[in-house]
Structure formats: C-alpha cells, structure tokens
Amino acid sequence: MEILRIEHLTKIYGKGENEVRALDDVSFSVEKGQFVAIIGPSGSGKSTLLHILGGVDVPTSGKVFMDGKDVFTQKEEEFAIFRRRQVGLIYQFYNLIPVLNVEENMTLPILISAKDASFC
Ligand SMILES: Nc1ncnc2c1ncn2[C@@H]1O[C@H](COP(=O)(O)OP(=O)(O)OP(=O)(O)O)[C@@H](O)[C@H]1O
Ligand SMILES: [Mg+2]
C-alpha cells in the first residue's frame with residue numbers, strides 16, 4: 001500500500017541571479033512499512049525535501065500525498081494537526097527549546113497533542 005507519493009516537486013529559493021533550484025521535478029512513492037534513505041552530496045536538496053515532507057516548508061510547485069491526502073491543500077488547523085500527529089522530524093541542527101530539558105523537549109509534541117485531543 002502506498003503511504004507517500006511525491007509528484008513533480010520543485011523548490012526554488014531566491015530570485016533572479018540569487019535563484020537556487022533546490023529540488024527540480026522530483027517524483028517518487030513510498031510503500032507503507034518501507035524504509036527509505038535519501039543520499040546525495042551537500043547542497044543537493046535532502047533537507048529541503050524532508051522539510052517539505054514534514055510540512056514545515058512549502059514547495060514552489062508539485063504535490064505531496066500522504067496516505068492519499070494532498071498535504072498542501074489542507075486547511076491551516078488540519079495541517080497543524082497533520083504536522084503534530086503524522087510526522088516526526090529530527091533536525092540536522094536540533095532546533096531544541098533551550099529552556100526545556102531533554103525529556104520535556106521530547107515529550108512536548110505529545111503534551112500539546114493530548115491537550116488538543118478534545119478539540120479534534
Ligand atoms: N532558506 C534557504 N534560502 C536559500 N537557499 C537555500 C535555503 N535552504 C537551502 N538553500 C539552498 O538549497 C540547496 C539545497 O540545500 P539543502 O539544505 O536542502 O541541501 P542538503 O542536501 O540538505 O545539504 P547538507 O548535506 O549539507 O545538509 C543548497 O544550494 C542551499 O544553499
Ligand atoms: Mg541537510
């Protein structure tokens with residue numbers, strides 16, 4: 001069963017002579033239970049792709065379907081819940097909250113999600 005489908009994903013940062021085409025027409029799909037490693041040289045767009053798959057950045061064009069659902073057509077609230085419940089993202093440069101300890105940093109999304117449980 002297909003869990004993830006990427007269609008013609010393109011991400012362009014900047015404009016004019018500063019334009020960087022970080023992703024250029026990327027398409028692939030992943031089956032449920034499949035483990036995938038994305039490899040490539042520094043600057044080839046791995047983090048850009050993962051940020052888009054995690055919903056923390058948006059593509060310039062193209063589509064992402066997660067479990068059949070078009071990720072970037074979700075309403076803001078639905079999209080926030082999607083990011084919180086469906087995606088786990090470990091950042092290259094950590095992005096931890098400095099005032100929280102290790103356990104609190106790890107469990108924060110669960111606490112937020114539990115608080116919201118009645119609301120969705
Ligand atoms: N916010 C941004 N603004 C402008 N250009 C960016 C931005 N983020 C990434 N880029 C550029 O997009 C390209 C892809 O970067 P990305 O960070 O996705 O590569 P990467 O494969 O994760 O590299 P690394 O292996 O070093 O982590 C690079 O040329 C990078 O300089
Ligand atoms: Mg990276």
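Residues numbered from 1 in each chain as written. Chains lettered and ligands numbered in written order. Predicted model: local features only at pLDDT ≥ 70, side-chain atom pairs only at ≥ 80, totals over all residues. Heavy atoms only, no water.

Chemist: I would appreciate a short explanation of the side chain of asparagine 105 in the present structure.
Modeler: With respect to the helices, strands and loops of the structure, asparagine 105 is situated in helix α3 (residues 102–116). Look at asparagine 105 and you get buried, because its relative accessible area is 17%. Among residues more than four places away in sequence, those in contact with asparagine 105 are Leu96, Ile97 and Leu100. (Helix = DSSP H or I, 4+ residues; strand = E, 2+ residues; numbered from the N terminus. Buried < 20%, exposed > 50% of the residue type's maximum accessible area, 1.4 Å probe, protein only. Contact = heavy atoms within 4.5 Å.)

Chemist: Any chance you could explain the confidence of the model for the chain here in plain terms?
Modeler: Note: predicted coordinates in regions of low pLDDT should not be interpreted at a detailed level. Averaged over the chain, the pLDDT score is 91; the fraction of residues at 70 or greater is 95%. Here α3 is the element of the chain with the lowest mean pLDDT, 84, and strand β2 (residues 20–31) is the one with the highest, 98. (pLDDT = per-residue confidence, 0-100.)

Chemist: Looking at this model, I keep getting lost on the side chain of glutamine 74. Mind explaining?
Modeler: Within the element layout of this structure, glutamine 74 appears in the loop between β4 (69–70) and α2 (76–86). Within the structure, glutamine 74 has its side chain in polar contact with the backbone oxygen of valine 71 (distance 2.9 Å). In contact with glutamine 74, not counting residues within four places along its chain, are Lys69, Phe79 and Phe82. (Polar contact = N/O pair within 3.5 Å; in protein donor to acceptor, adjacent residues only side chain to side chain.)

Chemist: What am I meant to see in unusual backbone geometry here?
Modeler: Phi is mostly negative for residues that are not glycine, and the peptide bonds are mostly trans. Of note in the backbone geometry, aspartate 25 takes a positive phi value of approximately 60° without being a glycine. Within the chain, aspartate 67 stands out as a residue other than glycine whose phi angle is a positive 55°. Following the sequence through the fold, aspartate 67 ends up in the loop between β3 (61–66) and β4. A relative accessible area of 47% means that aspartate 67 is categorised as partly exposed.

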